[in-house]
Amino acid sequence: MKKIFLLVLLSISLFAAPPFTLENLQNLRVYFINKSDFINKTQEETLKEAISTKLLAAGITLDAPDSATFMLKIESVKVDTTYIMNVGIAVGEEIRTKRKDAVETLAFTYHANDFFQTKDAYTDSVESIYFLLDDFIDAYNDDKE
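Residues numbered from 1 in each chain as written. Predicted model: local features only at pLDDT ≥ 70, side-chain atom pairs only at ≥ 80, totals over all residues. Heavy atoms only, no water.

(A) Looking closely at the overall build of the protein. A tally of regular secondary structure across the protein gives three helices and five strands. The order of helices and strands in the protein, counted from the N terminus, is α-β-α-β-β-β-β-α. Relative to its full complement of 145 residues, the protein shows a buried share of 37%. A separation threshold of at least 6 residues defines the contact pool for the protein, and within that pool the share at least 24 residues apart is 64%. (Helix = DSSP H or I, 4+ residues; strand = E, 2+ residues; numbered from the N terminus. Buried < 20%, exposed > 50% of the residue type's maximum accessible area, 1.4 Å probe, protein only. Contact = heavy atoms within 4.5 Å.)

(B) A look at the environment of Thr-81. Checked against the element boundaries, Thr-81 lands in the loop between β3 (68-79) and β4 (82-96). In this structure, the C-alpha to C-alpha distance between Thr-81 and Asp-120, residues 39 residues apart in sequence, is 9.4 Å. Beyond its immediate chain neighbours, meaning those up to four positions away, Thr-81 contacts Thr-118 and Lys-119. A polar contact of 3.0 Å, which involves the side chain of Thr-81, links it to the side chain of Lys-119. (Polar contact = N/O pair within 3.5 Å; in protein donor to acceptor, adjacent residues only side chain to side chain.)

(C) Molecular detail of the nonpolar core. By size, the foremost hydrophobic cluster in this structure holds 34 residues, and its most contacted members are Leu-28, Leu-55, Phe-70 and Phe-136. Those elements giving two or more residues to this core turn out to be β1 (27-35), α2 (41-57), β3, β4, β5 (104-118) and α3 (121-144). If you tally residues by element for this core, the top one is α3, at nine residues. Phe-70 has contacts with Leu-28, Arg-29, Val-30, Tyr-31, Ile-51, Leu-55, Ile-89, Ala-90, Val-91, Leu-133 and Phe-136, leaving out every residue within four places of it along the chain. (Core = buried A, V, L, I, M, F, W, Y, C linked by side-chain atoms within 4.5 Å.)

(D) Quick look at the packing of aromatic side chains. Evaluation of the coordinates by the stated rule reveals three aromatic pairs. Relative to Tyr-83, the ring of Phe-38 lies with its centre 5.2 Å away and its plane at 70°, an arrangement referred to as edge-to-face. Pair noted here: Phe-38 is in the loop between β1 and α2 and Tyr-83 is in strand β4, with a separation of 45 residues, a long-range link. Judged by its relative accessible area of 11%, Tyr-83 falls in the buried class. Between Tyr-110 and Phe-136 the ring centres are 5.0 Å apart and the planes differ by 75°, which places this aromatic pair in the edge-to-face class. Taken as a pair, Tyr-110 in strand β5 and Phe-136 in helix α3 lie far apart in primary sequence, 26 residues in all. Both residues of the pair, Tyr-110 and Phe-136, belong to the buried class. Three or more aromatic residues joined by ring pairs form one cluster here, namely Phe-70, Tyr-110 and Phe-136. (Phe/Tyr/Trp six-rings, centres within 6.5 Å; stacked < 30°, edge-to-face > 60°.)

(E) Region of interest: the layout of surface pockets. Its volume calculated, the largest pocket comes out at about 290 Å³. Sorting the residues of the lining of the largest pocket by element identifies β1, β3, β4 and β5 as the ones contributing at least two each. At three residues, the largest contribution of residues to the lining of the largest pocket is made by β4. By volume, the second largest pocket amounts to about 180 Å³. Contributing to the lining of the second largest pocket are 13 residues, with Lys-73, Gly-88, Ile-89, Ala-90 and His-111 lying nearest its centre. Class assignment of the residues belonging to the lining of the second largest pocket gives a composition of seven nonpolar, four polar and two charged. (1 Å grid on protein atoms, 1.4 Å probe; cavity = no way out; pocket = protein on both sides within 12 Å on 5 of 7 lines; lining within 4 Å. Points joined across faces, edges and corners; volume = space filled by probe spheres on them. Nonpolar A, V, L, I, M, F, W, Y, C, P; charged D, E, K, R; others polar.)

If you want it as structure tokens, here you go:
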């Protein structure tokens with residue numbers, strides 16, 4: 001009986017909501033952090049424009065006053081002919097805490113990352129960015145409803 005209870009509890013937790021909320025998120029500023037040696041400035045701008053286009057298509061306003069920051073970060077380490085990659089996206093917003101003195105600070109209200117190994121760093125990084133961005137847009141649309 002205990003095993004069945006644990007199995008049910010585990011299966012329920014697999015479908016639990018993520019700890020982030022995108023409710024009432026209406027505008028963003030896109031910020032790109034490139035800590036890789038295989039993406040040049042032109043490619044960086046192209047990726048930033050593609051991200052902006054997808055966010056606009058999802059109904060998110062960009063670069064309005066007091067926008068939250070949508071951050072994309074790419075980090076890589078090359079080991080022989082293989083890259084170890086960490087691609088992450090996050091939304092950072094200025095918030096006021098519920099502490100005694102109501103401290104104003106920056107908080108991540110969304111965060112996701114993809115950690116992988118590849119020989120084709122640029123192609124797999126772009127694929128990872130779109131994967132993470134699609135998940136973000138799905139979460140945004142779910143929280144909008």
